[in-house]
Amino acid sequence: MSQKPYLKLDQIDKSFTRAGRTSEVLKGIELAIDKGEFVSIIGHSGCGKSTLLNIIAGLTPVTQGAVLLEDREVNAPGPDRAVVFQNHSLLPWLTVYENVRLAVDKVFGRAKSKAERHAWTLHNLDLVQMGHARDKRPSEISGGMKQRVGIARALAMEPKVLLLDEPFGALDALTRAHLQDSVMQIHAALGNTVIMITHDVDEAVLLSDRIVMMTNGPAAHIGEVLGVPMERPRKRLEVVSDPAYLRCREAVLRFLYERHRYVEAA
Ligand SMILES: Nc1ncnc2c1ncn2[C@@H]1O[C@H](COP(=O)(O)OP(=O)(O)OP(=O)(O)O)[C@@H](O)[C@H]1O
Ligand SMILES: [Mg+2]
């Protein structure tokens, strides 16, 4: 008997209807993801990546098909799937600590004592190296730091699946590299299952076990899935000369710029 996948996207279609007009965004999305796998989704702007992530998060209903986590359908948001959005959604009136603590209280209000929830909040802030800024408010920290707090908040929920929608998109290249390294370390230490949307080919190759490449919309589907056969831990300065890295990079670039070029909507 073949083993059931941990997370399964089962023939997902998604259409939006507005003012009597229906637009088909996703068509026939089929994917199985293993526990602990790091999967990136890459595709041109507007093809439906965020829509797909929101479907997995349970924030957007499917039109057809289903999302199955450990063989059970999930169609509403839950702490088993935590999302980090591109525009870090911290509550501005709460401190860094309180932003994470709020999620901890929500998920572990009953299971952990107050002292345990305090310690767990600090532990997760330390994981992303933000313990020192625990009493600052979002307006007092940089974009990269906000993103770290968003990641801490998501990790603190101990999600089965971590969903990242272009988590480093708004950051400068150096901050981005630091955060990528942090996410790789956290993934190695905790073994979470991660789905990350990105526009960045190098980021996708460096971080992923597999790269899911989406065709252009309308009715976007998975055009190709590329395995990244590189040992972990991966070091950014070492991989750049690894032939496997270069081959993967070229395959993704070819997919995006030769076979599925971005076409500006008329
Ligand atoms: N709530 C909605 N109602 C109607 N159309 C929507 C809705 N959400 C998304 N769409 C449409 O679905 C398509 C895919 O959008 P989506 O945000 O998923 O793309 P994306 O791949 O994440 O793009 P980007 O890379 O720019 O973030 C777009 O054409 C968008 O206009
Ligand atoms: Mg998007």
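Look up a bit, the structure's there.
All figures in this text were calculated on a predicted structure; none of them were measured in a lab.

A.B. asks: Any chance you could explain unusual backbone geometry here in plain terms?
C.D. replies: Among all residues except glycine, the phi angle is most often negative; among peptide bonds, the trans geometry is most common. Residues Gly217 and Pro218 are joined by a peptide bond in cis, for which omega reads -5°. Within the fold, Pro218 resides in the loop between strand 9 (210-214) and strand 10 (222-227). Cis geometry marks the peptide bond from Arg232 to Pro233; its omega dihedral reads -5°. Relative to the assigned elements, Pro233 resides in the loop between strand 10 and helix 7 (236-239). Here Gln11, not a glycine, exhibits a phi torsion of approximately 50°, which is positive.

A.B. asks: Sorry, what's going on with the pattern of salt bridges here?
C.D. replies: Close approach of charged atoms lets side chains of opposite charge pair. Counted according to the given criterion, the structure contains 18 salt bridges. The shortest N-O distance in the salt bridge between Arg81 and Asp80 comes to 3.1 Å. For Arg81, a relative accessible area of 5% translates into the label buried. Here the salt bridges do not stand alone but share partners, grouping Asp13, Glu24 and Lys27 into one network.

A.B. asks: Can you help me understand the site of ligand 1 in this one?
C.D. replies: Looking at ligand 1, there are 13 residues lining it, with Ser45, Gly46, Lys49, Ser50 and Thr51 nearest. In this structure, an oxygen atom belonging to ligand 1 sits 2.5 Å away from a side-chain N or O atom of Ser45. Cys47 has a polar backbone atom sitting 3.2 Å from an oxygen atom of ligand 1. Sort the elements by how many residues they give to the shell around ligand 1 and helix 1 (residues 49-57) lands first, with 3 residues. When grouped by side-chain class, the residues that make up the shell around ligand 1 number 3 nonpolar, 7 polar and 3 charged.

Rules used throughout
- Residues numbered from 1 in each chain as written.
- Chains lettered and ligands numbered in written order.
- Predicted model: local features only at pLDDT ≥ 70, side-chain atom pairs only at ≥ 80, totals over all residues.
- Heavy atoms only, no water.
- Helix = DSSP H or I, 4+ residues; strand = E, 2+ residues; numbered from the N terminus.
- Salt bridge = Lys/Arg side-chain N within 4 Å of Asp/Glu carboxyl O.
- Buried < 20%, exposed > 50% of the residue type's maximum accessible area, 1.4 Å probe, protein only.
- Near = heavy atom within 4 Å.
- Polar contact = N/O pair within 3.5 Å; in protein donor to acceptor, adjacent residues only side chain to side chain.
- Nonpolar A, V, L, I, M, F, W, Y, C, P; charged D, E, K, R; others polar.

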